[in-house]
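Descriptive analysis of the structure
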Amino acid sequence: MKNIATKSTDLQQTLYSLLRHSPTSHHLKQIHCRFVLLSLYQDHFLLAYLISLCCRFQDVHYAFTLYAHTPNPNIHLFNTILHSFHQTPSLRPDALRFYILQLRQGQTNPTTRPNRFTFPPLLTGCTAAFSSLALNQEIHSHILKYGTYLDVYVSTALLDSYSKLGNAIAAARVFEEMPVRNIVTYNSLVSGLGRCGEMGLAREAFDTMPEKNLVSWTCMIAGYARNGYYYETLSLFREMESLGVKPNQYALASTLIACANLGALELGKKIHSMLEEAEYGLDLFVGSALIDMYTKCGMVEDARRVFEKIPEKNVVVFSAMIVGLAMNGRGLEALGVFRDMILGGILPNDITFVGVLCACCHIGLVDKGWYYFNVMTKDYSMVPKLQHYACMVDLLGRAGHLGEAYRFIMSMPIEPDVVVWGALLGACKIHKKVELGKFVAHQILEIDPRHSGSLVFLSKVYASGGDLGGVRKVQQKMRILGIKKTPGNSWIEVKDVVYQFFAGDTSHPQSDRIYAKLDELAKLLEVEGYSPDTHSVVCDVEEEEKKQSVFIHSEKLAVAFGLINLPEGINIRIVKNLRICDDCHLAIKLVSKIVRRDIVVRDSNRFHHFSEGTCSCQDYW
């Protein structure tokens with residue numbers, strides 16, 4: 001008997017080895033024939049392995065056939081196969097079909113009833129494949145029916161699936177009803193709420209966690225960065241560091257996103273050093289994050305060095321470099337990187353062409369812009385999206401071709417949105433095309449009656465024409481609708497800390513010194529022939545008061561703060577949330593000459609590198 005058992009085991013091991021080394025689905029079928037001939041067709045472990053390999057070769061039909069003809073299948077066999085479907089993304093839609101087949105068998109075979117190992121892969125697969133809240137709720141009802149709801153493994157998967165479907169309320173309810181919670185459960189809740197944009201609830205859950213691990217910190221930091229809470233991202237990163245928690249590459253890369261958007265170059269450099277010290281390497285995720293950070297801080301050469309060091313570049317990395325060069329006004333270099341990308345056999349995507357069109361826009365290459373817009377549609381069969389149309393309108397409008405830009409909008413095969421019309425409105429402001437601007441502003445208000453930019457534009461038009469009644473009418477409408485002009489604010493980093501300023505801000509501890517520095521600069525600027533441009537002021541106040549109001553714009557406050565706190569020879573770097581106004585642009589140009597200090601301003605459109613009284617944009621922005 002012992003010899004027979006040994007021979008049987010040896011035979012199973014041989015079959016396992018044959019299965020493991022099968023190169024095709026055809027070979028698997030031949031081995032299955034041996035199962036039958038050797039009476040091993042009831043060995044559920046061998047069958048499970050065989051079926052999982054069928055899934056690897058994506059032979060779903062054969063996997064279904066094997067399971068349907070298995071004598072006395074049990075739930076373990078089913079769960080093994082379900083996990084195989086879950087691990088192969090292209091087969092995830094079949095997980096639901098397989099589950100339904102299993103339920104039918106379960107009506108006559110109690111050993112195949114779903115258990116706690118059934119639902120997690122089913123939920124994950126169906127959520128990824130169908131993104132259906134109704135289907136998720138149906139599976140939820142099955143979890144209740146089969147009594148697996150109280151299992152922490154099942155409820156965590158259910159919580160995660162609701163989160164991925166954007167239903168934060170259902171996810172939180174599942175969490176509240178869980179009798180047992182562990183760190184994985186808390187992490188799923190925090191991540192899910194990261195994902196739904198419920199950052200207040202996510203932080204509340206994070207703060208109440210009985211214990212936190214690296215995953216907990218990473219989820220929260222990534223959630224803040226993903227949802228635009230950049231200050232909070234940096235604050236939490238510093239808190240994690242102070243507690244001695246060593247960040248992983250995902251936490252570091254997420255913090256780089258915040259550094260990029262706040263212009264926090266010094267902290268970004270520190271994180272770059274941490275990545276190198278930890279020997280994480282320049283994978284595509286980290287590499288593109290570094291390129292984004294350096295280009296958004298105006299450090300194009302540093303971004304170039306990172307780009308060159310990435311061993312295998314993909315479309316994301318190339319696109320990051322193209323977009324970064326474009327926003328820094330280095331359009332010809334951006335187009336050169338695009339050519340290298342094409343010659344390297346890498347296909348561009350939507351974002352690539354946004355970068356290419358922006359590159360043409362920022363240096364006024366109208367013909368090139370048309371060429372690449374047509375290349376996108378003809379050579380790559382891409383259907384232009386609204387952002388591509390907006391780029392073309394911006395390109396034409398900035399170059400002064402406002403009539404062509406308007407005709408382009410009217411010929412669009414899709415309905416123009418606020419962004420497309422907004423690009424034309426911006427061009428009308430630049431070129432002072434008042435009548436067309438009024439028409440465009442009303443088009444925008446038809447789409448979005450609460451669009452503050454259009455209302456402010458109309459208010460300025462009325463103010464410039466001396467129509468104070470029109471100004472009051474617009475301002476009254478804004479008050480009734482509860483609309484406020486988007487406040488201009490600027491950020492500047494000093495010693496790894498990012499400071500924020502609003503127009504007329506007096507909240508900073510150094511306010512007295514800042515305003516004293518502004519008074520000093522005002523006198524020096526007057527010697528250079530500078531006179532404040534008050535055309536943008538719509539308030540019904542005296543001219544002197546208007547001059548005062550433009551001289552305390554947020555970027556000027558940030559420049560004064562930088563001059564006080566940064567040593568000579570260190571560039572001043574500022575990020576502004578809106579387009580820099582004409583007055584600030586002229587004033588900062590002159591300040592760069594007076595103090596002999598390079599000043600870099602990134603506004604909502606592009607970079608301005610001020611040096612010795614000139615700007616890299618050549619007054620084209």
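Here the structure is a predicted model, which is why all the values come from computation and not from measurement.

Describing the pairing of strand E2 (residues 497–502)
Here six bridges tie strand E1 (residues 489–494) to E2, and the two strands are oriented antiparallel to one another. The residue bridging Ile 492 from the neighbouring strand is Tyr 499, located in E2. Here E1 hands over to E2 after two residues, with Lys 495 in that stretch at a positive phi of 55 degrees.

Quick word on the sheet that holds E1
Paired through their backbone hydrogen bonds, the strands of a sheet run either parallel or antiparallel. Overall, mixed pairing links the six strands, which are arranged E2-E1-E3-E4-E5-E6 in an open sheet. Only two strands of the sheet have a single partner each, and these edge strands are E2 and strand E6 (614–615). As judged from the three bridges shared by E1 and strand E3 (residues 572–576), these two strands associate in the antiparallel manner. Across the sheet, the residue bridging to Ser 490 is Lys 576, located in E3.

Side note on the nonpolar core
With 154 residues, the main nonpolar core has Phe 98, Ile 291, Met 293 and Leu 424 as its most contacted residues. Once residues within four sequence positions are removed from consideration, Phe 98 is found in contact with Phe 64, Tyr 67, Phe 78, Ile 81, Leu 82 and Phe 85. Ile 572, Cys 584, Ala 587 and Val 601 belong to the second largest nonpolar core, which has 32 residues in total.

A short note on the packing of helix H17 (residues 284–296) against helix H18 (residues 300–309)
Where H17 contacts H18, the two axes come as close as 7 Å, and the packing angle between them is 165 degrees. In this view, H17 runs roughly antiparallel relative to H18, as classed from their interaxial angle. In this structure, the crossing between H17 and H18 has a hand that is left-handed. When H17 is examined against H18, the residues Gly 287, Leu 290, Ile 291, Tyr 294 and Thr 295 are found in contact with a partner set consisting of Val 300, Asp 302, Ala 303, Val 306 and Phe 307. Among the residues forming the contact of H17 with H18, the class breakdown is seven nonpolar, two polar and one charged.

Focus on the confidence of the model for the protein
Regions with low pLDDT should not have their predicted coordinates read in detail. Residues at a pLDDT of 70 or more form 93% of the protein, whose mean pLDDT is 89. Scored below 50 in pLDDT, residues 1–7 makes zero contacts in the model with residues more than four places away or belonging to other chains.

Overview of helix H14 (residues 230–242)
The end-to-end C-alpha distance of H14 is 19 Å, a good match for the 18 Å that 13 residues give at a rise of 1.5 Å each. Among the residues of H14, those classed as buried are Thr 233, Leu 234, Leu 236, Phe 237 and Met 240. Angular distribution of buried residues about the axis of H14 spans 165 degrees; they occupy a single face of the element. Tucked inside the fold, the buried residues of H14 contact helix H12 (199–207), helix H13 (214–226), helix H15 (249–262), helix H16 (265–277) and E2. Where H14 terminates, the next one or two residues include Gly 244, which has phi positive at roughly 80 degrees.

Comments concerning the packing of aromatic side chains
In the structure shown here, the tally under the stated rule is 23 aromatic pairs. Both rings, one in Tyr 371 and one in Tyr 372, keep their centres 5.0 Å apart while their planes meet at 70 degrees; by these two values the pair is edge-to-face. Since its relative accessible area comes to 48%, Tyr 371 is described here as partly exposed. Look at Tyr 372 and you get buried, because its relative accessible area is 5%. When the ring of Tyr 389 is compared with that of Phe 408, the centres are 5.7 Å apart and the planes differ by 45 degrees; the resulting orientation is tilted. With Tyr 389 in helix H23 (residues 386–398) and Phe 408 in helix H24 (residues 402–410), the pair connects residues that are 19 residues apart, well separated along the chain. On the basis of relative accessibility, which here comes to 8%, the residue Phe 408 falls in the buried class. Through a chain of ring-to-ring contacts, the aromatic side chains of Phe 338, Phe 353, Tyr 371, Tyr 372 and Tyr 380 assemble into a single cluster. Here Arg 181 stacks its cationic end above the ring of Phe 175, 4.3 Å away from the centre of that ring.

Overview of the packing of helix H4 (residues 60–68) against helix H5 (residues 75–87)
The axes of two packed helices give the description: the angle between them and the distance between them. Closest axis-to-axis distance for the H4/H5 pair is 12 Å, and the angle between their directions is 170 degrees. Our classification of the angle between H4 and H5 gives roughly antiparallel. Judged by residue contacts, Val 60, Phe 64 and Tyr 67 of H4 engage Leu 77, Phe 78, Ile 81 and Phe 85 from H5. Per-class residue counts for the contact of H4 with H5 are seven nonpolar, no polar and no charged.

With respect to unusual backbone geometry
Residues other than glycine seldom take positive phi values, yet Glu 612 does so here, at roughly 50 degrees. Mapping Glu 612 onto the fold places it in the loop between strand E5 (607–611) and E6. With a phi angle near 60 degrees, Asp 619 is a residue other than glycine that sits in the positive phi range. Residue position: Asp 619 is located in the segment after E6.

Considerations on the pattern of salt bridges
A full pass over the atoms with the stated rule returns 22 salt bridges. Lys 164 serves as the salt-bridge partner of Asp 160, at 3.1 Å between the closest nitrogen and oxygen. Here Asp 160 and its partner Lys 164 are both found in helix H9 (residues 152–164), four residues apart, which amounts to about one turn of the helix. Counted as one network, the salt bridges with shared partners bring together Glu 301, Arg 304, Glu 308, Arg 330 and Glu 333.

Points about the side chain of Lys 589
Here Lys 589 is to be found in helix H32 (residues 582–594). Non-local contacts of Lys 589, meaning those with residues more than four positions away in its chain, are made with Phe 610, Gly 613, Thr 614, Cys 615 and Asp 619.

Regarding the pairing of E5
When a strand is regular, its side chains alternate between the sheet's two faces. Sheet topology note: the strand E4 (residues 599–602)/E5 ladder contains four bridges and is antiparallel. Looking at the pairing, Ile 599 lines up with Phe 610 of E5. Turn length for the E4-E5 hairpin, with the two strands adjacent in sequence and antiparallel, is four residues. For E5 and E6, the ladder comprises two bridges, and the chain directions are antiparallel. Each residue of the ladder has a partner; that of Phe 610, found in E6, is Cys 615. Taking the residues that link successive antiparallel strands as the turn, the E5-E6 hairpin has two residues, and the phi of Glu 612 there is positive, at about 50 degrees.

Concerning the state of the cysteines
The bond known as a disulfide is covalent and runs between the sulfur atoms of two cysteines. On inspection of all chains with the given rule, the structure shows zero disulfides. Looking at the unpaired Cys 360, the closest cysteine sulfur is the one in Cys 361, lying at 8.7 Å. Classification of Cys 360 by relative accessible area gives buried; the value is 0%. Here Cys 391 stays free of any disulfide, with the sulfur of Cys 358 as its closest cysteine sulfur at 3.8 Å.

Thresholds, definitions, all that
Residues numbered from 1 in each chain as written. Predicted model: local features only at pLDDT ≥ 70, side-chain atom pairs only at ≥ 80, totals over all residues. Heavy atoms only, no water. Pairing = 2+ DSSP bridges. Helix = DSSP H or I, 4+ residues; strand = E, 2+ residues; numbered from the N terminus. Core = buried A, V, L, I, M, F, W, Y, C linked by side-chain atoms within 4.5 Å. Buried < 20%, exposed > 50% of the residue type's maximum accessible area, 1.4 Å probe, protein only. Contact = heavy atoms within 4.5 Å. Axes fitted to C-alpha atoms, helices over the stretch in contact; angles between N-to-C directions. Parallel < 35°, antiparallel > 145°, perpendicular 65-115°, else oblique. Left-handed = near helix turned anticlockwise from the far one by under 90°. Nonpolar A, V, L, I, M, F, W, Y, C, P; charged D, E, K, R; others polar. pLDDT = per-residue confidence, 0-100. Expected span 1.5 Å × (residues − 1). Arc of directions from axis to C-beta. Phe/Tyr/Trp six-rings, centres within 6.5 Å; stacked < 30°, edge-to-face > 60°. Lys NZ or Arg CZ within 6 Å of the ring centre and 35° of its normal. Salt bridge = Lys/Arg side-chain N within 4 Å of Asp/Glu carboxyl O. Disulfide = S-S within 2.5 Å.

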